[in-house]
Amino acid sequence: MAAAESHTGEPRGPGRPGASARPVPEETEILRRGMETFAELGYERTTARELAKRLGVSHNFIHDRYGSKANFWRAVVDVLLADDQLERRELLDSGVDDAELVRAVIVHFYQSAVEAPLLARLLADEFGRESERLDYLYDRYVAPTLEPLVPAVERLMAAGRMPKVTLDVLFFAVISPVAGLVQLPLAHRLGRPRPVTAESQARTARDLANLIAGGLLGEHPH
């Protein structure tokens, strides 16, 4: 491959930016902007050109750095889920009783949605279509969360402390209310006060967790 030329017409070595090239953002900023783009547009509508525009990089940056758009998407998801998965693993290994474990996982799930609302939007979009990305999310996110939790749920159901429903029904009973944390335009029309702050969202997440966990476990906190 021929060496690129500088603005003076002289050859430029591979990998050397031109004098007018914009500095490449830090990796954390690249991933953050990538997440915003995927959450807003969805994977299929997110083109390499649009990513380059929003990241402020050259049109071939994603391919050169990550190999493909799919690899970049996985990098975005991995960094977003890393801390979340670590925190959830600590909950699952905490040794609390079954009911407290179920409640703690539900509370953590809603808190995570508040802290990363764009991730919640990205997940909601991907959960609705068959794709390799759904396989990736299930293998990396959903299954590692559910598998250690299933024995506790089964014991609670056997003891009559939770309704006996299938796992898919239970899963959607917990994840569907996340809409109440991220679909803010509708929430405002239903009476949620403005402005929405981190504190108000945290309160909403706690209220939602109390409602869902209380219903599942037959608890009615005042």
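Above this text sits the structure in question.
Residues numbered from 1 in each chain as written. Predicted model: local features only at pLDDT ≥ 70, side-chain atom pairs only at ≥ 80, totals over all residues. Heavy atoms only, no water.

Draft legend 1. Spatial organisation of the nonpolar core. Among the nonpolar cores identified, the biggest contains 55 residues, and F38, L55, F72, W73, I106, Y110 and M162 are the most heavily contacted of them. The element that contributes the greatest number of residues to this core is helix α7 (residues 132-158), accounting for ten residues. Contacts of F72, omitting those with residues within four sequence positions, involve I30, L31, G34, F38, L51, L55, I62 and Y66. (Core = buried A, V, L, I, M, F, W, Y, C linked by side-chain atoms within 4.5 Å. Buried < 20%, exposed > 50% of the residue type's maximum accessible area, 1.4 Å probe, protein only. Helix = DSSP H or I, 4+ residues; strand = E, 2+ residues; numbered from the N terminus. Contact = heavy atoms within 4.5 Å.)

Draft legend 2. Fine view of the packing of helix α1 (residues 27-41) against helix α6 (residues 117-127). Between α1 and α6, the shortest axis-to-axis distance is 8 Å and the interhelical angle comes to 45°. With respect to α6, the element α1 is oriented oblique. Seen along the crossing, α1 lies across α6 with a hand that is left-handed. The segment α1 lies against α6, with M35, E36, F38, A39 and E40 engaging L118, L119, R121 and L122. Taken together, the residues of the contact of α1 with α6 break down into six nonpolar, no polar and three charged. (Axes fitted to C-alpha atoms, helices over the stretch in contact; angles between N-to-C directions. Parallel < 35°, antiparallel > 145°, perpendicular 65-115°, else oblique. Left-handed = near helix turned anticlockwise from the far one by under 90°. Nonpolar A, V, L, I, M, F, W, Y, C, P; charged D, E, K, R; others polar.)

Draft legend 3. Quick peek at the packing of aromatic side chains. Inspection of the entire model under this criterion finds eight aromatic pairs. Ring centres of F61 and Y66 lie 6.5 Å apart, and the angle between their planes is 75°; on these two criteria the pair is classed as edge-to-face. Both residues of the pair, F61 and Y66, belong to the buried class. Where F171 meets F172, the ring centres are 5.5 Å apart and the plane angle is 85°; that geometry is what we call edge-to-face. Through a chain of ring-to-ring contacts, the aromatic side chains of F38, Y43, F61, Y66, F72, W73 and Y136 assemble into a single cluster. Geometry around Y43 places K69 over its ring, the cationic atom sitting 4.1 Å from the centre. The ring of Y136 is capped by R74, whose NZ or CZ atom sits 6.0 Å from the centre of that ring. (Phe/Tyr/Trp six-rings, centres within 6.5 Å; stacked < 30°, edge-to-face > 60°. Lys NZ or Arg CZ within 6 Å of the ring centre and 35° of its normal.)

Draft legend 4. Quick look at the pattern of salt bridges. Counted according to the given criterion, the structure contains 13 salt bridges. For the salt bridge of R32 with E36, the shortest nitrogen-to-oxygen distance reads 2.3 Å. Here the residue R32 and the residue E36 both occupy positions in helix α1, the gap between them amounting to four residues, near one helical turn. Using a relative accessible area of 30% as the deciding quantity, one classes E36 as partly exposed. One salt bridge in this structure joins E50 and R54, with 2.6 Å as the shortest N-O distance. Residue E50 and its partner R54 are located together in helix α2 (residues 48-55), separated by four residues, close to a single helical turn. (Salt bridge = Lys/Arg side-chain N within 4 Å of Asp/Glu carboxyl O.)

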